[in-house]
Amino acid sequence: MAHNSERHIRIAIDGPASSGKGTVARLVARALGYAYVDTGAMYRCIGLACRRRGVAVTDEVGCGAIAAQANIHFEWDGEVQRVFLEGADVSQAIRRVEIGQAASDVAVLPGVRSALLDAQRALGDAGGVVMDGRDIGTVVLPEAELKIFLVASLGERARRRWAELAKRGTPQALSEVESEIEMRDAQDAGRSTAPLAQADDAVRIDSTHASPSEVASQVEGLARARLDGLVATS
Ligand code: DC
């Protein structure tokens, strides 16, 4: 795989829903001046597009065609990254709970995964990148120089998601949030194609009792150590 390893590394961050991957990945990308690729947002875009076009999330051919043709791009807006689908800002729309479930549903389909895989690998090859998802360290970027598997207890992940939904003005009962997360994780880890899994060479970090900035500093430290190692051996 052609890659400029002298000054840049690829950082893969995987983990279950609401483990804090997105926030940590964004902070690390900002600190290192790297691109941030939120692959969950890509699956969410396909889930959203299928819903809008009335294509069932079980229709592999229909969803695969949507994934193959989808035009998804990311743009920084200050400290946040906005997601565009066919040129329209869908950053808010894709965060809805039912779109998270639709994303997990279409992510089971091999046709959808292979369409997004090509786009994700191309983005990963472009240079310094932090990419988060479920299969980044195992399938998308198996040669990433740094792999993180970020976990947190189910209760803590549900609490974070519950607080986020309340803040956004779409509150939901904590028990409901917890069972939705549990169901989605079971589907993501149980599918046969590229399931949620920790790569053998990933560093496992438990964020249950740590803030996103504490975890981000830890990941940044690991990244800088990898970069120093590359410079020392080049
Ligand atoms: O990270 P997230 O919650 O935004 O991801 C939404 C769904 O997309 C997740 O439940 C499973 C799927 N997904 C995936 O299968 N592979 C990835 N690399 C990223 C997300």
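Residues numbered from 1 in each chain as written. Predicted model: local features only at pLDDT ≥ 70, side-chain atom pairs only at ≥ 80, totals over all residues. Heavy atoms only, no water.

Colleague: Any chance you could explain the site of the ligand here in plain terms?
Modeller: Around the ligand sit 17 residues in total, of which Arg44, Arg113, Asp135, Arg184 and Asp188 are the nearest. Within the side chain of Thr39, an N or O atom sits 3.0 Å from a nitrogen atom of the ligand. In this structure, a nitrogen atom belonging to the ligand sits 2.8 Å away from a side-chain N or O atom of Asp135. In the complex, the protein chains occlude 96% of the 450 Å² of accessible area that the ligand would expose alone. Using a 2 Å cut-off from the grid points, one finds that the ligand occupies the largest pocket. Where the shell around the ligand is concerned, the elements lending two or more residues are helix 2 (39-52), helix 4 (97-106) and helix 8 (174-190). With 4 residues, the single largest contributor to the shell around the ligand is helix 2. (Near = heavy atom within 4 Å. Polar contact = N/O pair within 3.5 Å; in protein donor to acceptor, adjacent residues only side chain to side chain. Areas by Shrake-Rupley, 256 points an atom, 1.4 Å probe, with all protein chains shown as cover. 1 Å grid on protein atoms, 1.4 Å probe; cavity = no way out; pocket = protein on both sides within 12 Å on 5 of 7 lines; lining within 4 Å. Sits in = over half its atoms within 2 Å of the grid points. Helix = DSSP H or I, 4+ residues; strand = E, 2+ residues; numbered from the N terminus.)

Colleague: Even after reading the chapter, I still don't get the side chain of Asp132, so can you show me in this structure?
Modeller: Topologically, Asp132 is positioned in strand 6 (residues 129-133). The side chain of Asp132 is buried and forms no salt bridge, while Lys21, the nearest opposite charge, is found at 5.3 Å. In terms of polar contacts, Asp132 uses its side chain to reach the side chain of Tyr36, at 3.3 Å. Every residue in contact with Asp132, bar those within four places of it in the chain, is listed here: Ile13, Lys21, Gly22, Ala25, Tyr36, Val37, Asp38, Thr39 and Gly40. (Buried < 20%, exposed > 50% of the residue type's maximum accessible area, 1.4 Å probe, protein only. Lys, Arg positive; Asp, Glu negative; His and termini not counted. Salt bridge = Lys/Arg side-chain N within 4 Å of Asp/Glu carboxyl O. Contact = heavy atoms within 4.5 Å.)

Colleague: Please clarify how the layout of surface pockets should be interpreted in this entry.
Modeller: It is a probe the size of a water molecule, rolled over the atoms, that shows where empty space is left. Counted as a void, the largest pocket has a volume near 1,400 Å³. Lining the largest pocket are 48 residues, and of these Gly22, Thr23, Asp38, Arg95 and Glu164 lie nearest its centre. Residues of the lining of the largest pocket, tallied by class, amount to 15 nonpolar, 15 polar and 18 charged. Within this model, the second largest pocket holds a volume of roughly 280 Å³. Around the second largest pocket sit 20 residues that line it, and Met42, Ile72, His73, Phe74 and Leu123 are the ones nearest its centre. Counted by class, the lining of the second largest pocket contains 16 nonpolar, 4 polar and no charged residues. (Points joined across faces, edges and corners; volume = space filled by probe spheres on them. Nonpolar A, V, L, I, M, F, W, Y, C, P; charged D, E, K, R; others polar.)

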